[in-house]
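Now for the letters of each chain:
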2 protein chains.
Amino acid sequence: MTLSELCSTHSQTLADAIKANQERTFHAHWPEAPSGKIYGETANDDGLARFKGQRNAKFDRLSGGDEWVGDESSPYGFPLGITYPSSSVAAVVERASAAQTAWQSLTPTERASILVEALERGSKHFFEIGYATQHTTGQGFVMAFQASGPHAFDRALEAVAMGLAAQGSFTQSVQWSKPMGKFAVNIDKSYRIVPKGINLVIGCSTFPVWNTTPGMFAGLVTGNSVIVKPHPGAVYPIAIVIAELRNVLVELGLDPNVIQLAVDTAAKPLTLEYVQHPAVQVIDYTGGSAFGTLVEQESIKNGKVVFTEKAGVNCVILDSIEDLDKAMDNLAFSLSLYSGQMCTAPQNIFIAESGMKVGDATVSVEDVAVKLREKIDALVNNEKAGPGTLGAIQNPTTVGRLGEALNLGLAEIRATSAIAQPGFDQALSHSPLVLRTDVSRSDVYTREWFGPISFVITTGSFDESLKTVEQSIRQHGALSALVYTTDAAKMQQAEDAIVMAGAPVAFNFNSFVWVNQSAAFSDFHGTGCNPAGNATFADWQFVTNRYNVIGVRKQA
Amino acid sequence: MTLSELCSTHSQTLADAIKANQERTFHAHWPEAPSGKIYGETANDDGLARFKGQRNAKFDRLSGGDEWVGDESSPYGFPLGITYPSSSVAAVVERASAAQTAWQSLTPTERASILVEALERGSKHFFEIGYATQHTTGQGFVMAFQASGPHAFDRALEAVAMGLAAQGSFTQSVQWSKPMGKFAVNIDKSYRIVPKGINLVIGCSTFPVWNTTPGMFAGLVTGNSVIVKPHPGAVYPIAIVIAELRNVLVELGLDPNVIQLAVDTAAKPLTLEYVQHPAVQVIDYTGGSAFGTLVEQESIKNGKVVFTEKAGVNCVILDSIEDLDKAMDNLAFSLSLYSGQMCTAPQNIFIAESGMKVGDATVSVEDVAVKLREKIDALVNNEKAGPGTLGAIQNPTTVGRLGEALNLGLAEIRATSAIAQPGFDQALSHSPLVLRTDVSRSDVYTREWFGPISFVITTGSFDESLKTVEQSIRQHGALSALVYTTDAAKMQQAEDAIVMAGAPVAFNFNSFVWVNQSAAFSDFHGTGCNPAGNATFADWQFVTNRYNVIGVRKQA
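Values in this document were obtained by computation on a predicted structure and should not be read as measured data.

## Digging into the overall build of chain A
Point 1. Per the secondary structure count, chain A includes 20 helices and 22 strands.
Point 2. For a compact globule of 556 residues, the expected C-alpha radius of gyration is about 24 Å, and chain A comes in at 24 Å, within 12% of that figure.
Point 3. Considering chain A as a whole, with its 556 residues, one finds that 61% of them fall into the buried category.
Point 4. Within chain A, counting contacts between residues at least 6 apart in sequence, those at least 24 apart form 75% of the total.

This is the structure we're talking about:
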């Protein structure tokens, strides 16, 4: 396998991805179904076996550390016992710096092709990645397979394609010839892509691959050495991806330290030390808002580029709908999926106290609330679909938050209860709690209640609902917004208000797409312009801010 | 004139500009020669008449202010006496905000076409802009015509083309259709370009149009309302451009306050108040480093986007050359042009104490210095070319700096003297001072000596010269670098070192292109990655960081 063979092998994949980013219709390079027909009849068994074999063992697909550390345990109730090679911040940064020059001297197409090769190899391990994700994040297996496998890999490919398109948008060299009347003056010009420096990617515990691959691959395709600092509770899934990429680099005779896994533990966190290292010049962060804001401040004051996805408060407005059952089915699934542990999960459901228009009838707030409860019950109590949809709670703090919500003393639209996860008696799993309050209780609903906690909030009118949502987006950020209305004027009003406040908006979802979802090559994830973060997967800024272009001119 | 007519009229201009940005070979939409054959036989006389008529008068092509203020005087020795309408910061910002929504609701192509129309109209005033520039900046007329006319307008068009290309790089709306086995789920998606907010463009006294149009037009094409806050000493040239754009907007029935001129005076500066206004979200700055760094800090700490071009210390390395006369002709011109008042003008000329290789011979430092002096003398003493090349000194502080340099006690390679500017007895004009020192005097040469001041600095070797230059770029920034070497290995070494340090580099210029120059559509001006500033005219970041993209999804 030579570099030029790789470029030829993956040129169509890259061309298709670039085209998909332009056209933004449905595109998936890796099918999302965890199916043996697609990924091989033994793929599931093989992946499960690898997962089981990896437990209580060194992750020796990576090497080169000074010690072996690890801190992961499954939200389904057992420790993973995996350890990873770990080095000092100084050693990791030094290796990244040493690897940088050769990497940036490759062409963007060469870098992109290497990255696609690594993704293709990684895709052979989607099932292991799925199990690794399930047992670090608590996601149900199907979701874990999709989110950390095909969806995350498509987001990676999207970022690679954006980076390649940006860098390839002008010539690498040209003879510039300026006519000067009777003669011309000629200058040979070339344009060098100079990466900003080492790119640190800080992962989160709930989406350790999906939220890491965009920054990781955007950094790599634009010539930066990348250090991935995963959440200490969710290392395993991304370690598999990194190991595959390092294998490809080694096979090509390149320094694998272009990409490194930097593991720390909850007891001895290293994130801030990486952020503050002067050689680290680009930082991607996904995680909580408080630490994220600190990372932003530390980065910005030192002139570093920082991309963040922090947390927001996602809102829904109920105004009118043709089919209440379909709408509440859709909303119930969004509230239940991964127990509200998605950054895009709805939390606050605003409805005018006069109720909701359904066709020509009016349905009271009470009846809408009952319908929502019934739909959640139907999903949660469905033995086949329920446990896998809810998954387990990643962090015990989230269970504590459920208790805190119960102590608010609000009326319960739906009570939470422990949920059995078949095969995992010790799993931490709880069904959605839905509370009822009104617009006066901004002390309650302007907070993020991360986890399976939501509020139905009555307001005086649609206008008040919208105004409250708009203000919430501006002050507290949002990754999603969902509005049900059949009124064209209200739809335009809501679109304008929510978009101007800086959030994306979805209308009348009543089918097999949910507001929590964000599709690679089509949906920009994160708007970058509200307090929930400054990054967008994957707009131009997401790639172009990672490098500069420097001109070289020679008298011809 | 309708909007759709404008789009059709200017579509080829925009397509050509987009293509030029990709191919980066020579492109000029407006010819640079101040020739009656191109711009009309009476264009010069008309422009001069308008200039004379504007002196000691209100600039009533703009209106709407609460008072009339003005502070300009010609470096050629007379006050301009022009006053401009001025309003409070709050009033200007309020008008900009009110104009924003309608402007951002236009398509990128509509915005771009309006902007090209304004540039075409402005180009009818190139001669007046030239005289206005000459008598605010001190530039000789031909340079003033070119720099503020065709070159600045080409930079504006370049930015418009980049902004249009970026915004047009993906579809505005699409029906997304996801296959789900036996059926498909359909979502209607649209993508809205949301400008960051009001874009403030802070101008400088030496290039009031060339350094203002890129940010101004980049901001406008991406949907932002723009406020131009010119240097109080150089308002007139950009006021002409702004008035023409406002005329076009009014004719189209649009709010002209999309673009406003915000004039202040040296006695009562308003820049910081604009920078700190919360509605101002994007800031372009050109000017000195100290204030520029303050603008950066104020912007960044409040989460604003800031593009800066501050000052650097530009270096030359002399190693080897085929034809010393041609090289020194080129360098002498670069040192003399506008009396070293360009941000790209060379200051420090490093040469190994063993001298310079010229063909097979070695020429001593003394003889190289003599040759440089002779070439400057020949240019400066040329009655036809000299005064116009040097122009006048914009700021009396610069003359004081000449005195400070003389007090260093260094050997003079070339003495400075007052230069007569025919027709302007009171002009502040001084020929280049060239001093000699060695590499030990970093206290001298690591400072920026803005104006007609340069140093020939001996070092132990080419390697020491290069290392010193590299360090200087990293610590003090640079807008240009120039190396003379015929040795391919040294050329590669210098290219790598200077590019990695973050500066552009030119080699062996010996003809009618000078290191000070930076050509629109071909040369990126500013690298954005050294202390001289973070902006590049016009890379992707320069346009993409001014807006966000927000998705709207509707169940189909």
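And the narrative resumes.
## Details of the domain arrangement of chain A
All names here are of chain A.
Point 1. Looking at the assigned domains, one finds that chain A contains domain 1 (20-310 + 540-555) and domain 2 (315-507).
Point 2. Taking the mean C-alpha position of each, domain 1 and domain 2 sit 33 Å from one another.
Point 3. Each partner contributes residues to the interface: domain 1 has 15 residues there, and domain 2 has 18 residues.
Point 4. For the side of domain 1 that touches domain 2, the leading source of residues is helix α7 (residues 141-148), giving three residues.

## Comments concerning the sheet that holds strand β19 (residues 453-459) of chain B
Point 1. A sheet is described by the order of its strands in space; here 10 strands give the open sequence β5(A)-β6(A)-β22(A)-β21(B)-β20(B)-β12(B)-β14(B)-β19(B)-β18(B)-β17(B), paired in mixed fashion. Here the strands that pair on one side only, and so sit at the sheet edges, are β5 (173-180) of chain A together with β17 (411-414) of chain B. Ignoring which end each strand starts from, the neighbouring axes of this sheet average 25° apart.
Point 2. Contacts from helix α14 (residues 365-380) of chain B reach β12 (315-318), β14 (348-352), β17, β18 (433-438) and β19 of chain B within the one sheet, and its direction differs from that of β17(B) by about 50°.

## A word on the packing of helix α1 (residues 3-23) of chain B against helix α5 (residues 108-123) of chain B
Packed helix pairs are characterised by how far apart their axes lie and by the angle those axes make with each other.
All names here are of chain B.
Point 1. Relative to each other, α1 and α5 sit at 80°, their axes nearing to 8 Å. When the axis of α1 is compared with that of α5, the two are roughly perpendicular. Of α5, the residues touching α1 (which contributes L3, L6, C7, H10, T13 and L14) are T109, E110, A112, S113, I114, V116 and E117.
Point 2. Considered class by class, the residues forming the contact of α1 with α5 number seven nonpolar, four polar and two charged.

## With respect to the relation of the copies chain A and chain B
Point 1. For the pair chain A and chain B, the best superposition has an RMSD of 0.0 Å and corresponds to a rotation of 180° with a translation of 0.0 Å parallel to the axis. Taken together, the rotation angle and the small translation identify this as a two-fold axis.
Point 2. When the interface residues of chain A are mapped onto chain B, 100% of them again fall at the interface, so both copies present the same face.

## Looking at helix α9 (residues 213-221) of chain B
Point 1. Extensive coverage of α9(B) is indicated by the burial of nine of its nine residues.
Point 2. Immediately beyond the C-terminal end of α9(B), within one or two residues, lies G223(B), with a positive phi of roughly 95°.

## Comments concerning helix α4 (residues 89-105) of chain B
Every α-helical turn comprises 3.6 residues, leaving residues that sit three or four positions apart pointing alike.
Residue and element names in this part refer to chain B.
Point 1. The terminal C-alpha atoms of α4 lie 25 Å apart, and with 17 residues this matches the ideal 24 Å at 1.5 Å per residue to within 8%.
Point 2. By the largest-angle criterion, A99 marks the main kink of α4, which is about 35°.
Point 3. Turning to α4, its buried residues are V92, V93, A96, A99, Q100 and W103.
Point 4. On its buried face, α4 is in contact with β7 (198-202), β8 (226-229), β9 (259-261) and β10 (280-286).

## Let's talk about the sheet that holds strand β22 (residues 547-555) of chain B
Point 1. Ordered by their spatial adjacency, 10 strands build an open sheet running β17(A)-β18(A)-β19(A)-β14(A)-β12(A)-β20(A)-β21(A)-β22(B)-β6(B)-β5(B), and the pairing between neighbours is mixed. Looking at the sheet topology across the chains shown, the edges are occupied by β17 (411-414) of chain A together with β5 (173-180) of chain B. Strand-to-strand twist in this sheet, taken as the mean axis angle between neighbours without regard to direction, amounts to 25°.

## Concerning the nonpolar core
Point 1. Counting residues in each nonpolar core, the largest one holds 350 residues, and the members touching the most others are V160(A) and V160(B).
Point 2. Dropping the residues within four chain positions of it, V160(A) is found in contact with A112(A), L115(A), V116(A), F217(A) and V221(A).

## Some points on the interface of chain A and chain B
Point 1. Across the boundary between the two partners, chain A contributes 54 residues, which contact 54 residues of chain B.
Point 2. Breaking the side of chain A that touches chain B down by element, the ones donating at least two residues are α1 (3-23), β5, β6 (183-195), α19 (488-501), β21 (505-507), α20 (540-544) and β22 (547-555) of chain A.
Point 3. Per-element tally for the side of chain A that touches chain B: the top contributor is β22(A), with eight residues.
Point 4. Broken down by class, the residue content of the side of chain A that touches chain B amounts to 24 nonpolar, 19 polar and 11 charged.
Point 5. Bridge analysis of β22(A) against strand β21 (residues 505-507) of chain B gives three bridges, and the strand direction is parallel. Paired with K554(A) across the strands is F507(B), a residue of β21(B).

## Regarding the pairing of strand β10 (residues 280-286) of chain A
All names here are of chain A.
Point 1. Summarising burial for β10: seven of the seven residues are buried, a large majority.
Point 2. Relative to β10, strand β7 (residues 198-202) is paired through five bridges, and the arrangement is parallel. When the sheet's bridge partners are listed, V201 is paired in β10 with D284.
Point 3. Of the strand pairs in this sheet, β10 and strand β11 (residues 305-309) are connected by five bridges, and their pairing is parallel. For T286, the partnering residue across the bridge sits in β11 and is E309.

## Topic: unusual backbone geometry
Point 1. Residue A538(A) follows F537(A) across a cis peptide bond; omega there is -25°.
Point 2. As for its placement among the helices and strands, A538(A) is situated in the loop between β21 and α20.

## So, the environment of G215(B)
Residue and element names in this part refer to chain B.
Point 1. Tracing the chain through its elements places G215 in helix α9.
Point 2. Separated by 278 residues in sequence, G215 and Q493 place their C-alpha atoms 34 Å apart.
Point 3. Not counting residues within four places of it along the chain, the set of residues in contact with G215 comprises V201, D284 and F307.

## Looking at the packing of helix α7 (residues 141-148) of chain B against helix α8 (residues 150-167) of chain B
All names here are of chain B.
Point 1. At a closest axis distance of 2 Å, the pairing of α7 and α8 adopts a crossing angle of 10°. Between α7 and α8, the angle falls in the class roughly parallel. Residues Q146, A147 and S148 of α7 form the contact with α8, whose participating residues are P150, H151 and A152.
Point 2. Of the residues that constitute the contact of α7 with α8, the class distribution is three nonpolar, three polar and no charged.

## With respect to the confidence of the model for chain A
Point 1. The share of residues in chain A with pLDDT of 70 or more is 100%, and the mean pLDDT across the chain is 97.
Point 2. Predicted complex, confidence summary: ipTM 0.97, pTM 0.97.

## Some words on the environment of R192(A)
Point 1. Structurally, the position occupied by R192(A) is in strand β6.
Point 2. For the pair R192(A) and N257(A), spaced 65 residues apart in the sequence, the C-alpha separation amounts to 22 Å.
Point 3. Excluding its chain neighbours within four sequence positions, the residues that come into contact with R192(A) are I550(A), V552(A) and V499(B).

## Some points on the environment of I473(A)
Residues and elements named next belong to chain A.
Point 1. Within the fold, I473 resides in helix α18 (residues 462-476).
Point 2. Sequence spacing of I473 and T416 is 57 residues, and the spatial spacing of their C-alpha atoms is 27 Å.
Point 3. Apart from residues lying up to four places away in sequence, I473 is in contact with A478, I498, A501, G502, A503 and N530.

Here is what the cut-offs are and how they apply
- Residues numbered from 1 in each chain as written.
- Chains lettered and ligands numbered in written order.
- Predicted model: local features only at pLDDT ≥ 70, side-chain atom pairs only at ≥ 80, totals over all residues.
- Helix = DSSP H or I, 4+ residues; strand = E, 2+ residues; numbered from the N terminus.
- Rg over C-alpha atoms; globule rule 2.2 N^0.38 Å.
- Buried ≥ 20, exposed ≤ 12 C-beta atoms within 10 Å, placed from the backbone.
- Contact = placed C-beta atoms within 7 Å.
- Domains from an automatic or database assignment.
- Pairing = 2+ DSSP bridges.
- Axes fitted to C-alpha atoms, helices over the stretch in contact; angles between N-to-C directions.
- Parallel < 35°, antiparallel > 145°, perpendicular 65-115°, else oblique.
- Nonpolar A, V, L, I, M, F, W, Y, C, P; charged D, E, K, R; others polar.
- Least-squares fit on C-alpha atoms with pLDDT ≥ 70 in both.
- Expected span 1.5 Å × (residues − 1).
- Bend = angle between axes of the 7 residues up to and from the residue.
- Core = buried A, V, L, I, M, F, W, Y, C linked by C-beta atoms within 7 Å.
- pLDDT = per-residue confidence, 0-100.

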